[in-house]
Structures are given as C-alpha cells and as structure tokens.
Amino acid sequence: MAREELMQVLGKSSEELLSQTVKDQSTVLMDPDPPFLKTYEALFDSQPEPSDTNQAKEVEECELPLIDLGRLNRESKAEQCKRDIMVAASEWGFFQVVNHGVSSGLLDRLRELQVNVFRAPFVKKASEKLLDLSPENYRWGSPRPTSLSQLSWSEAYHVPLTPANGLTKTSTRHIMEEFSTAMSWLAHILAGILAEGVGHDGTYIPENCRCNTSYLRLNRYPPCPVKNRVFGLVPHTDSSFLTIVRQDQVGGLQLMKDGRWITVKPSLDALIVNIGDLFQAWSNGVYKSVEHRVLSNPHQERFSVAYFLCPSHDTVIQSHAEPAIYRNFSFGEYRQRVQEDVKETGRKIGLARFLVQST
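Residues numbered from 1 in each chain as written. Predicted model: local features only at pLDDT ≥ 70, side-chain atom pairs only at ≥ 80, totals over all residues. Heavy atoms only, no water.

(A) View of the overall build of the protein chain. Along the protein chain, the regular secondary structure elements total 11 helices and 15 strands. Within the protein chain, the proportion of its 359 residues that are buried is 48%. At a minimum sequence separation of 6, the contacts of the protein chain that also span at least 24 residues come to 77%. Here the protein chain has roughly 18000 Å² of accessible surface; of this, 50% comes from carbon and sulfur atoms. (Helix = DSSP H or I, 4+ residues; strand = E, 2+ residues; numbered from the N terminus. Buried < 20%, exposed > 50% of the residue type's maximum accessible area, 1.4 Å probe, protein only. Contact = heavy atoms within 4.5 Å. Areas by Shrake-Rupley, 256 points an atom, 1.4 Å probe, with all protein chains shown as cover.)

Here is the structure:
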C-alpha cells in the first residue's frame, strides 16, 4: 500500500501526523513532572496489583500538639511552654508551633519562588541552573527502588547553606538565606530547650550545628496518576537533630503514633517541628525520631519546605546518660551508613545500626 493510501486509511494526512508529533514532543519538553512512569516502567509492570503502601486504608486525622512560642516571652508562662515542648518531643516526636517569629511575608515569598522553579520544564530543572538553583542539587524519585513501596513520587532541591555576597533583596539566594536564618534562630531556641530537658547546658548544638552545616530542602509532590500504588515520600526518619517544615494546605503528611499511621491536619499558620535521629541518640532515647511519610495525591500537587538542623560531618554524637542505648558515632559515619543501606536494600535502617548491643 502506498504511503498516501496508508495515511488515508489511518484518517490523517502526513502533515497532520507531523503536526501531532511536533505537538507531542513539545508537550514532553514543557512538562514540569519528572518521567516517573517511563523511568520505573519495569517496577510498575512487575507489580500490576496495588502495592503494600496501604494508602487506601482509612487513617485518622489529628492535630499535632500545638505550642504557642509567644509564651516564652512571658515569665509566668515560659516554664510551662518549655515543659510542653519537652513532652511533645518525647511522646510524639512531632509538634507544631505558632507565634514562631518567621514572618508570613517571608514564607509567602519562598512559596512563590518554589512554585516558579518547580513549574519549569523537567528537562531544564535536570540540566540548567534555575533561579540560582543548580541541577546538581536537584533530586527526584528514588535512587534504587526494588519495589513500588520504595519509590517516592516527588522532586526536590537540596540546598546547602553557604553564605553568598552581593545579593539583592529580591534574589532567590537572598530569600533562601533570609528564610534559613529565621529557621536557624528558631531551631536553636527549640534545641536549647530540649537540651536543657535532658540535663545539657545547651552549648553543644550551637557549637556544632551552624548555618553552613545545615540545609534546606524544597519539595514538590506532583499529581500521581497511579492511585494508592506509590508514596509521595516513602516512610523514613530524618538524619538531623531537628527538622522544621512549612507545608501547604493539600495535606498528605502522616506519622507513626502508637503503632498506627495518623494524618497530620494542615495549618498554614503553624510550622511543624520533628525530632531527628541525632537528637534521639544524643538524648539517649528520651526524645523520639518518629517514622513519617507523605501520601501521593492523584489530583493536586503539594509543596513543602524543610530546614534540617545538622552538625558537621566530624561531629561525634554521644549520649552522656548511662547505660547508653547507642554507641558513639560521627555524623559523617551515620550518613555514610544510611547511604550504603539505601544502596543495598532500597531503604534506610538508621539508628538500629548503632545500638550498643549491635557493636
């Protein structure tokens, strides 16, 4: 059959097919979403049934302990406020704070920046510097998932906090530095209170966790067409002392409490604080680094930004309580072990590797 006859049978002219091909290619080039389905096609083909993510299961929604930090400025309320922070950190591992001192204007500017960069085409995010954000700091999906339950349907910029000179007030870097400065100030206030609660003088964390050892993570969770089969972010704990998160109203954050998953009700007025692995080890298990995850959403994209309070890689994490639950380890050793476990098993094992009896 001649080419023209074939085109007539198919009902499209060569010009129409060419136009459609160009249009399809243009759509791909402009698509902001990473190529999850294509990249992980083998995983989806090997697991055609819903995976073990349990996302379809009904989960109770709750409000985290809410702490008004304005009470710290009132002599009659300050001690109770500190006790509330300590109790939340030990019983929940998560809490939310209001009157935290981070301006809504700054939060809004960062959100606008985040939306602009993430809605750029994926091919640009993966290959070009956008709004002072380098493609070397861009991450998406999961490095070596062996099942759908290990795949995260998300993208992120991991932003090291190294000071830069000559910034204008409207520049991307200036907004991120202003935000990280506010978050650092808040994180150190909270860390000082928690250190006091386990008998430390509060100098260890400020001496070891500085601006240039901590980092920001800008997150976007694209709409996920494979409902209930993959997570937005797989279950994990944070390898930090503290993490402070600002999330939007879409929701999806869940945490493990008393052996079951519960959904965190979003609140734009509050920042979410969670204890990281280093604080759990340093406090000898008094404060809890709790497993948490983000559910994927089939219809809406979700944005969040997280500040991670971390020490330098050579900082030694040591519990001064006896008997110690965890052996001494450096932050660099911990990070390396986590990376090796993810590479070998597809998931983080974390503090279980550093129990005293496992040495």
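Now that the structure is up, let's keep going.
(B) Region of the structure containing the packing of aromatic side chains. By the definition in use, this model includes 19 aromatic pairs. Ring centres of Y40 and W140 lie 6.2 Å apart, and the angle between their planes is 70 degrees; on these two criteria the pair is classed as edge-to-face. Taken as a pair, Y40 in the loop between α3 (36-39) and α4 (41-46) and W140 in strand β4 (residues 138-140) lie far apart in primary sequence, 100 residues in all. Exposure remark for Y40: the relative accessible area of 10% places this residue in the buried category. With a centroid separation of 5.6 Å and an interplanar angle of 45 degrees, the aromatic rings of F118 and Y157 are classed as tilted. Of this pair, F118 sits in helix α6 (residues 104-118) while Y157 sits in strand β5 (residues 155-160), and the two are 39 residues apart along the sequence. An identical accessibility class is assigned to F118 and Y157; each is buried. What links up through ring pairs into an aromatic cluster is the set F36, Y40, F44, F118, F122, Y138, W140, W153, Y157 and F303. (Phe/Tyr/Trp six-rings, centres within 6.5 Å; stacked < 30°, edge-to-face > 60°.)

(C) Expanded view of the packing of α6 against helix α8 (residues 172-197). It is the contact of α6 with α8, at a shortest axis distance of 10 Å, that shows an interaxial angle of 135 degrees. Between α6 and α8, the angle falls in the class oblique. For α6 against α8, the interelement crossing comes out left-handed. Residues L106, L107, R109, L110 and L113 of α6 form the contact with α8, whose own contacting residues are T172, I175, M176, E178, F179 and A182. When the residues that make up the contact of α6 with α8 are grouped by side-chain class, the tally is eight nonpolar, one polar and two charged. (Axes fitted to C-alpha atoms, helices over the stretch in contact; angles between N-to-C directions. Parallel < 35°, antiparallel > 145°, perpendicular 65-115°, else oblique. Left-handed = near helix turned anticlockwise from the far one by under 90°. Nonpolar A, V, L, I, M, F, W, Y, C, P; charged D, E, K, R; others polar.)

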